[in-house]
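# Residue-level structural notes
Here is how the chains run, residue by residue.
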Amino acid sequence: MNANTFTQTALFIAVLLALAFPLGRYMSAVFDGSSIAVRKMRRIETALYRAAGVDANAEMSWKHYALAVLLFNALGALVLYALLRLQPVLPVNPQHMAAMPPDAAFNTALSFVTNTNWQDYAGESTLGYLAQMLGLTVQNFLSAATGIAVVVALIRGFTRHSARTIGNFWVDLTRTTLYVLAPLAVVLALLFVSQGVIQNFRPYQDVSTLQATATTAAQTLPMGPVASQEAIKMLGTNGGGFFNANSAHPYENPTPLSNLMQMIAMLVIPAALCVMFGRMIGDRRQGHAVLAAMTIAFAAACVGEISAEQAGNPLLAALHVDSHASALQAGGNMEGKETRFGIAQSGIFTVATTAASCGAVDAMHDSLTPLGGLIPMLLIQLGEVVFGGVGSGLYGMLVFALLAVFVAGLMIGRTPEYAGKKIESFEMKMVSIAILLTPLIVLAGTSVAVLAASGKAGIANPGAHGFSEVLYAFSSAANNNGSAFAGLSVNTPFYNVLLGVAMWFGRFGSIVPVLAIAGSLAAKKRLAVTAGTLPTHGPLFVVLLLGTLLLVGALTYVPALALGPVVEHLGMIAPH
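Position numbers for residues start from 1 in each chain and track the written sequence from start to end. Restriction of local features to residues with pLDDT of at least 70 applies here, the model being predicted, together with a cutoff of 80 or more for giving and counting side-chain atom pairs; totals for whole chains, interfaces and linings are based on all residues. The side-chain values count all of the structure's non-hydrogen atoms but skip hydrogen atoms and water molecules.

What follows is about the overall build of the protein chain. From N to C terminus, the protein chain includes 19 helices and 4 strands. For 576 residues, the compact-globule formula gives about 25 Å, and the C-alpha radius of gyration of the protein chain, at 23 Å, lands near that figure. Overall, the C-alpha framework of the protein chain stretches about 80 × 60 × 45 Å when taken along its three principal axes. Long-range pairs, those at least 24 residues apart, make up 80% of the contacts in the protein chain with a sequence separation of at least 6. The distance from the centre of the 28 positive side-chain charges to the centre of the 25 negative ones in the protein chain is 18 Å. Helix and strand labels come from DSSP, where a helix needs a run of H or I of at least four residues and a strand needs a run of E of at least two; each type is numbered from the N terminus. For this measure, only C-alpha atoms enter the radius of gyration; the expected value for a globule follows 2.2 Å times N^0.38, where N is the number of residues. Note on definitions: a residue-residue contact is assigned when non-hydrogen atoms from the two residues lie within 4.5 Å. The sign given to each residue is positive for Lys and Arg and negative for Asp and Glu; His and the chain ends receive no count. Where a charge sits is defined by one atom per residue type, namely NZ (Lys), CZ (Arg), CG (Asp) or CD (Glu).

Structure follows, in structure tokens:
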């Protein structure tokens with residue numbers, strides 16, 4: 001890395017944190033009801049509860065809360081599946097898009113409901129405007145709101161004592177959508193439009209090319225309401241693109257400034273939730289410690305990613321292939337990247353989207369160097385907790401925090417405590433399920449895919465890189481990221497069904513134990529801080545938390561990574 005890329009990375013982190021703190025304060029006020037916005041719009045909020053038949057004052061036990069989450073999202077998946085299958089008979093479909101096949105509709109419905117937004121189809125040639133808006137965009141809001149609602153319930157587990165309830169899911173869902181996601185999405189969509197992101201309902205346009213020939217006299221340009229979907233795609237860490245090229249498409253991401261706004265949008269709510277956590281539990285230092293751990297891990301990943309891509313491929317360098325590279329390319333690996341963004345911005349975007357459980361891409365991950373591909377893959381496999389998805393990143397990191405204090409308690413012979421609550425056997429059982437379930441899904445799914453004939457049929461690149469593509473696909477699905485090593489052909493019944501199942505259980509198999517932890521903590525009394533209490537707000541705890549995170553990731557995934565990107569890297573540098 002050179003001074004320019006260090007400066008870009010540092011500036012990005014500084015802007016992110018500068019926006020996260022005021023947003024965190026605002027979100028804390030939203031969920032405790034003290035926000036001016038909540039007071040001014042109380043009538044609208046009350047009307048929504050009345051229309052839905054919800055008693056906003058009735059709180060839920062953790063089991064009731066979990067049941068509401070599961071039923072609401074299952075209903076959302078059924079509705080979205082129906083929209084995708086019935087698309088030809090629905091309005092606002094100017095290009096007369098056909099019905100999505102059953103297995104693809106199944107995969108897509110589960111993908112968007114679980115906040116994964118994995119896409120194995122080209123949006124501009126598959127979906128009409130109604131399916132994009134009423135189907136995908138609506139789920140972009142609701143899946144993101146579900147994640148935030150769950151982390152708010154977990155935070156209540158720390159703040160309450162001797163309580164049997166953790167809040168009301170319908171209230172948390174409504175407030176998240178009404179006061180946080182919708183206003184931010186409107187503002188961001190307008191900013192995107194100012195940069196040239198399209199927003200219309202026109203039919204696709206046929207235009208004459210500058211070099212028209214007998215066979216290419218015209219080109220068809222896709223249209224659509226892109227800016228509105230792009231805004232919530234980023235803010236909700238959804239990642240599903242209107243176009244197949246995602247954020248590499250000039251209609252989705254036309255300028256370096258729009259690229260910066262998209263990267264900030266991916267991480268600002270997950271970062272703000274850390275600030276909100278500290279304020280809601282009455283100890284801001286706790287939130288700052290979690291935020292510091294995330295920021296350090298993110299910065300280290302950016303340094304590694306950009307360095308790997310700027311180093312490029314030594315085999316090509318030896319052939320002087322890049323001897324005439326521009327200053328922007330800096331002689332590194334520009335394959336699969338946009339020249340308008342360059343290696344630095346593409347590297348930060350790659351880290352941001354895999355650290356944030358977003359999955360949007362402005363560069364082709366399949367074209368990254370082996371080590372450049374290992375870093376985003378590992379960020380996903382760590383559980384999407386380095387900022388992570390909206391809500392899911394923080395509750396995932398808090399699960400690791402509970403594991404960290406448990407390990408520390410074993411070392412010093414004391415009962416572990418975190419944020420004033422004693423951590424006992426039930427919490428650790430739930431922590432074990434939340435942490436180990438997704439690796440089980442990833443490794444089992446990858447094993448099945450590389451053994452089954454239907455799985456091997458989708459691998460176009462034999463050897464280590466092909467294995468990396470399969471491992472990345474299941475890591476992305478089970479951890480609800482949605483990005484891909486795109487060399488794998490996954491739009492088949494085998495992969496659509498298997499990856500769809502991985503998405504569902506990866507999402508809700510973690511949410512249920514997190515809510516169980518919330519319920520257990522809420523029922524306990526808060527403990528006073530004593531001389532024997534492990535401080536969980538200083539540099540020592542930040543190091544302990546990062547060490548626990550990396551240790552679990554290393555023990556779980558290093559053997560699989562050794563068969564993929566590590567072998568590929570050793571093969572690349574072998575002649576040297």
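For the rest of this paragraph, the subject is the pattern of salt bridges. Counted as salt bridges are all cases of a side-chain nitrogen of Lys or Arg within 4 Å of a carboxyl oxygen of Asp or Glu. Scanning the entire structure with this criterion turns up 10 salt bridges. Across the pair Arg 156 and Asp 172 runs a salt bridge, and its minimum N-O distance is 2.7 Å. On the criterion of sequence distance, the pair formed by Arg 156 in helix 6 (residues 129-159) and Asp 172 in helix 7 (residues 169-195) is long-range, its members being 16 residues apart. Each member of the pair, Arg 156 as well as Asp 172, carries the same accessibility label: buried. Between buried and exposed lies partly exposed: a residue is buried under 20% and exposed over 50% of the maximum accessible area for its type, with that area taken using a 1.4 Å probe on protein chains only.

Lining residues are defined by having an atom within 4 Å of a point belonging to a cavity or pocket. Those points lie on a 1 Å grid over the protein atoms alone, cavities being sets where a 1.4 Å probe fits but cannot get out and pockets being open sets with protein on both sides within 12 Å along at least five of seven lines. Grid points are joined across faces, edges and corners, and a volume is the space filled by probe spheres set on the points. Following the criterion strictly, the structure yields 4 cavities of 30 Å³ or more and no others. Taken as a whole, the largest cavity spans an internal volume of roughly 330 Å³. Looking at the lining of the largest cavity, the elements with two or more residues in it are helix 14 (392-412), helix 15 (425-451), helix 18 (493-522) and helix 19 (539-573). Per element, the largest residue contribution to the lining of the largest cavity is 5 residues, and it comes from helix 14. The nonpolar class holds Ala, Val, Leu, Ile, Met, Phe, Trp, Tyr, Cys and Pro. Asp, Glu, Lys and Arg form the charged class, and all remaining residues, Gly among them, are polar. Per-class residue counts for the lining of the largest cavity are 12 nonpolar, 12 polar and 2 charged. A volume near 90 Å³ is recorded for the second largest cavity. Lining the second largest cavity, in full, are Val 405, Ala 408, Gly 409, Ile 412, Arg 414, Thr 415, Pro 416, Glu 417, Gly 532, Thr 533 and Leu 534. Taken together, the residues of the lining of the second largest cavity sort by class into 5 nonpolar, 4 polar and 2 charged.

Helix span, expected: 1.5 Å multiplied by one less than the number of residues in the helix. Compared with an ideal rise of 1.5 Å per residue, which puts 35 residues at 51 Å, helix 19 spans 37 Å between its outermost C-alpha atoms and falls more than 12% short. What is called the bend at a residue is the angle between a pair of axes, fitted to the seven residues leading up to and ending at it and to the seven starting from it. At Leu 561, helix 19 is deflected by roughly 60 degrees, the largest bend along its length, and proline Pro 565 occurs up to four residues later in sequence.

Take the environment of Ile 511 next. Positionally, Ile 511 belongs in helix 18. Note on Ile 511: relative accessible area 1%, which makes it buried. For the pair Ile 511 and Leu 540, spaced 29 residues apart in sequence, the C-alpha to C-alpha distance is 29 Å. Leave out the neighbours within four places in its chain, and Ile 511 touches Val 69, Val 150 and Tyr 395.

Using a probe with the size of a water molecule, rolled over the atoms, empty space left in the structure can be pinpointed. The volume enclosed by the largest pocket comes to roughly 580 Å³. Forming the walls of the largest pocket are 32 residues, and the residues nearest its centre are Gln 119, Asn 244, Val 361, Ala 484 and Ala 486. Looking at side-chain class alone, the lining of the largest pocket contains 16 nonpolar, 13 polar and 3 charged residues.

Moving on, we get to the side chain of Glu 309. Tracing the sequence through the fold places Glu 309 in helix 10 (residues 284-311). Judged by relative accessible area, which is 1%, Glu 309 ranks as buried. Beyond its immediate sequence surroundings of up to four residues, Glu 309 is in contact with Gly 332, Asn 333, Lys 337, Ile 343, Leu 368, Thr 369 and Gly 372.

Turning to the packing of helix 6 against helix 14, a few remarks are in order. Packed helix pairs are characterised by how far apart their axes lie and by the angle those axes make with each other. Put simply, helix 6 and helix 14 touch, their axes get as near as 8 Å, and they point 35 degrees apart. Contacts between helix 6 and helix 14 involve Gly 147, Val 150, Val 151, Leu 154, Ile 155 and Phe 158 from the former and Ser 392, Leu 394, Tyr 395, Leu 398 and Leu 402 from the latter. Residue composition of the contact of helix 6 with helix 14, grouped by class: 9 nonpolar, 2 polar and no charged. Here the axes come from fitting lines to C-alpha atoms, over the contacting stretch only for helices, and the angles between their N-to-C directions go from 0 to 180 degrees.

The phi dihedral of Asn 115 is positive, around 70 degrees, even though this residue is not glycine. Along the polypeptide, Asn 115 turns up in the loop between helix 5 (102-113) and helix 6. Even without being glycine, Ser 162 reaches a positive phi, approximately 55 degrees. With respect to the helices, strands and loops of the structure, Ser 162 is situated in the loop between helix 6 and helix 7. Using a relative accessible area of 47% as the deciding quantity, one classes Ser 162 as partly exposed.

What follows is about the nonpolar core. The set of buried Ala, Val, Leu, Ile, Met, Phe, Trp, Tyr and Cys residues whose side-chain atoms join them within 4.5 Å is what this entry labels a nonpolar core. Judged by nonpolar contacts, the single largest core of 132 residues is most densely connected at Phe 158, Ile 269, Phe 298 and Tyr 418. Here this core gets 15 residues from one element, more than from any other, and that element is helix 9 (residues 256-280). Residue contacts for Tyr 418: discarding those within four places in its chain leaves Phe 158, Phe 277, Gln 286, Val 290, Leu 398, Ala 401, Leu 402, Val 405, Ile 423, Thr 536 and Phe 541. Formed by 24 residues, the second largest nonpolar core is a distinct cluster that contains Met 377, Ile 380, Phe 467 and Ala 478.

Contact geometry for helix 5 and helix 6: axes closest at 8 Å, N-to-C directions at 40 degrees. With respect to helix 6, the axis of helix 5 lies oblique. Residues Thr 108, Phe 112 and Val 113 of helix 5 form the contact with helix 6, whose own contacting residues are Leu 136, Gln 139, Asn 140 and Ser 143. Classifying every residue of the contact of helix 5 with helix 6 gives 3 nonpolar, 4 polar and no charged. Oblique is the label for any angle not covered by the other classes, which are roughly parallel (under 35 degrees), roughly antiparallel (over 145) and roughly perpendicular (65 to 115).

Now for the confidence of the model for the protein chain. Per-residue confidence from the predictor is given as pLDDT, running between 0 and 100. Overall, the prediction assigns the protein chain a mean pLDDT of 92, with 96% of residues at 70 or greater. Contacts from residues 323-330, a stretch scored under 50 in pLDDT, to residues over four places away or in other chains number 9 contacts.

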